[in-house]
Amino acid sequence: MPSTFTAVSYAKTLSPAALERVRTVLAEHGYTVTAERSESHPGFEAVVLELGSLNPAGTTNAQGTARLSRLRAALAEAGAGELSTAVVPDSLRHAERKFIIMDVDSTLIQQEVIELLAAHAGTEAEVTRVTEAAMRGELDFAESLHHRVATLAGLPESVLAEVGAKIKLSVGAERLVAQAKAAGHVVAAVSGGFSQILAPLAQRLGLDYSMANDLEIVDGHLTGKVSGAVVDRAAKAVQLRLWSAESGIAREATMAIGDGANDLDMMAAAALGVAFNAKPAVRAVADAQINLPNLDVALALADIHEP
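It should be emphasised that the depicted structure is a prediction, and the values quoted were computed from it without experimental measurement. (Residues numbered from 1 in each chain as written. Predicted model: local features only at pLDDT ≥ 70, side-chain atom pairs only at ≥ 80, totals over all residues. Heavy atoms only, no water.)

A. Main features of the layout of surface pockets. By volume, the second largest pocket amounts to about 430 Å³. Considering the residues around the second largest pocket, the lining is formed by 24 residues, among which Ala76, Ser84, Thr85, Gln289 and Asn291 are closest to the centre. Where the lining of the second largest pocket is concerned, the elements lending two or more residues are β1 (2–11), α2 (61–79), β4 (84–89), α13 (280–285) and β11 (288–290). Per element, the largest residue contribution to the lining of the second largest pocket is six residues, and it comes from α2. The residue makeup of the lining of the second largest pocket, split by class, is twelve nonpolar, seven polar and five charged. (1 Å grid on protein atoms, 1.4 Å probe; cavity = no way out; pocket = protein on both sides within 12 Å on 5 of 7 lines; lining within 4 Å. Points joined across faces, edges and corners; volume = space filled by probe spheres on them. Helix = DSSP H or I, 4+ residues; strand = E, 2+ residues; numbered from the N terminus. Nonpolar A, V, L, I, M, F, W, Y, C, P; charged D, E, K, R; others polar.)

This is the structure we're talking about:
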């Protein structure tokens, strides 16, 4: 019988031996490969394996979820750093319209903006240390944000434009947004960073939705505070649900991409939560991983092609 998932294996170069290990794991977990095709993408190769399931009648949702988790763990082990395999719900891959939401720092862009700002304040080492601990989930995100932003007090507002000019998009980011939107999908970004940086970036890329924290500015200088509620892990999940609903897209057709602990709620709320070059704690619970510095992989996972 058909399953409701598709396996997508990818790597810079896919070896026949590594792909055979994937097929073996699928078979050991009760799946047959009903169709297989190869794809070539910028910077990587992919093989798409459509699955048939040998699920016994009467399997409960909880049992199915546990079985899927075991399969994903076994596929990660079988990849052995040579390739990655994502098991993607067909509700996402086959959806006429999909909703894609991304974290910003170290996901949509290559840098952590607060570290770039801290370099101007001479507090980069301290801020980097706190940022890394927060992304590993060792510190409360809101508390860590207030601590880091406080070190920026007194910086002139002009540093925001300087930092904005240094932003580098992640490889494939522009293509991911443009190709998804051209195909009629909805793309959003939500950040624990700052709206003064994200807003112009969102306009440049043509994002449908975006949200981040507001740095408080008085008399042309940063006060070391943020205005309003902090965009934390809970807020990110709320925005996924709100924006996808506003777009008329069901949860089953959503994908969330992030790298840190503050992305976990958002990733759990999506049909497919994707860890992008992520911290170990995030990779351990994500539905899928992108272990190349290339967001083009997300297009392959969601089955989005040039229209």
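Back to the write-up after that little detour.
B. Just empty space enclosed by the protein, in detail. Following the criterion strictly, the structure yields two cavities of 30 Å³ or more and no others. Reported here for the largest cavity is a volume of approximately 130 Å³. Lining of the largest cavity is provided by 15 residues; of these, Asp105, Glu112, Phe141, Gly192 and Gly193 occupy positions nearest its centre. Looking at the lining of the largest cavity, the elements that each hand over two or more residues are α7 (141–150) and β6 (186–194). When residues in the lining of the largest cavity are grouped by element, the largest group, four residues, is from β6. Residues that form the lining of the largest cavity fall into these classes: five nonpolar, four polar and six charged. Empty space within the second largest cavity amounts to approximately 40 Å³. Considering the residues around the second largest cavity, the lining is formed by Val104, Asp105, Ile109, Val113, Ser191, Gly193, Phe194, Ile197, Leu198, Leu201 and Ala212. Its residues assigned to classes, the lining of the second largest cavity shows eight nonpolar, two polar and one charged.

C. Spatial organisation of unusual backbone geometry. At Ser106, a residue that is not glycine, the phi angle is positive and equals roughly 65°. Here Ser106 falls in the partly exposed class, since its relative accessible area comes to 22%. (Buried < 20%, exposed > 50% of the residue type's maximum accessible area, 1.4 Å probe, protein only.)

D. Quick peek at the packing of helix α1 (residues 16–28) against α2. Running from N to C, α1 and α2 point in directions that differ by 155°, and their axes come no closer than 10 Å. Compared by their axis directions, α1 and α2 come out roughly antiparallel. By crossing handedness, the relation of α1 to α2 is classed as right-handed. Where α1 approaches α2, its residues Arg21, Val22, Val25 and Leu26 are matched on the opposing element by Leu71, Ala74, Leu75, Ala78 and Gly79. (Axes fitted to C-alpha atoms, helices over the stretch in contact; angles between N-to-C directions. Parallel < 35°, antiparallel > 145°, perpendicular 65-115°, else oblique. Left-handed = near helix turned anticlockwise from the far one by under 90°. Contact = heavy atoms within 4.5 Å.)

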